[in-house]
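Descriptive structure summary
These are the residues of each chain, in order.
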Amino acid sequence: MSIKVKDLLPRIWYNDIRLVVANEEVCLIRKDFNKKILSDECLNMEVECIENDECILDTVNIHVKKV
């Protein structure tokens, strides 16, 4: 069973979200911004890992598989 981006977004409330594909930032969603702005293609991307980079405060990095 794979985890999709859309499965994680409702669980991340207090942090910014940085969506990363092949070590390239796709987008950065601020915590106070509507997370429904992502396309269905982005929402259905399969998550590889989630990390917290200590150099970027209050941000969760979601790494997804390249489509």
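From a predicted model like this one, the values you see are computed outputs, not experimental measurements.

1. Considerations on the overall build of the protein
A count of helical and extended segments in the protein gives two helices and four strands. Going from the N terminus to the C terminus, the protein shows its helices and strands as α-β-β-α-β-β. Taken over the C-alpha trace, the protein has a radius of gyration of 11 Å; the compact-globule value for 67 residues is 11 Å, and the two agree within 12%. Judged by the C-alpha coordinates and their principal axes, the protein covers about 30 × 25 × 20 Å. Counting only residues that meet the buried cut, the protein has 36% of its 67 residues in that class.

2. Regarding the packing of aromatic side chains
Per the counting criterion, the structure on display carries one aromatic pair. Note on W13 and Y14: the rings are 6.1 Å apart at their centroids and 70° apart in plane angle, and the pair reads as edge-to-face. In this pair, the class of W13 matches that of Y14, namely exposed.

3. A few points about the nonpolar core
One finds V5, L19, L38, I62 and V64 to be the most contacted residues of the largest nonpolar core, which totals 17 residues. Among the secondary structure elements, those contributing two or more residues to this core are α1 (5-8), β1 (16-21), β2 (24-29), α2 (40-43) and β4 (59-64). Those residues in contact with L38 that sit more than four places away from it in its chain are V5, L9, C27, I29 and L43.

4. Here's the deal with the pattern of salt bridges
Per the counting criterion, the structure on display carries three salt bridges. Where E25 meets R18, a salt bridge forms, and the shortest distance between an N and an O atom there is 2.9 Å. A relative accessible area of 44% means that E25 is categorised as partly exposed. Using a relative accessible area of 19% as the deciding quantity, one classes R18 as buried.

About the thresholds
Residues numbered from 1 in each chain as written. Predicted model: local features only at pLDDT ≥ 70, side-chain atom pairs only at ≥ 80, totals over all residues. Heavy atoms only, no water. Helix = DSSP H or I, 4+ residues; strand = E, 2+ residues; numbered from the N terminus. Rg over C-alpha atoms; globule rule 2.2 N^0.38 Å. Buried < 20%, exposed > 50% of the residue type's maximum accessible area, 1.4 Å probe, protein only. Phe/Tyr/Trp six-rings, centres within 6.5 Å; stacked < 30°, edge-to-face > 60°. Core = buried A, V, L, I, M, F, W, Y, C linked by side-chain atoms within 4.5 Å. Contact = heavy atoms within 4.5 Å. Salt bridge = Lys/Arg side-chain N within 4 Å of Asp/Glu carboxyl O.

Function-wise, these values are silent; they only describe arrangement.
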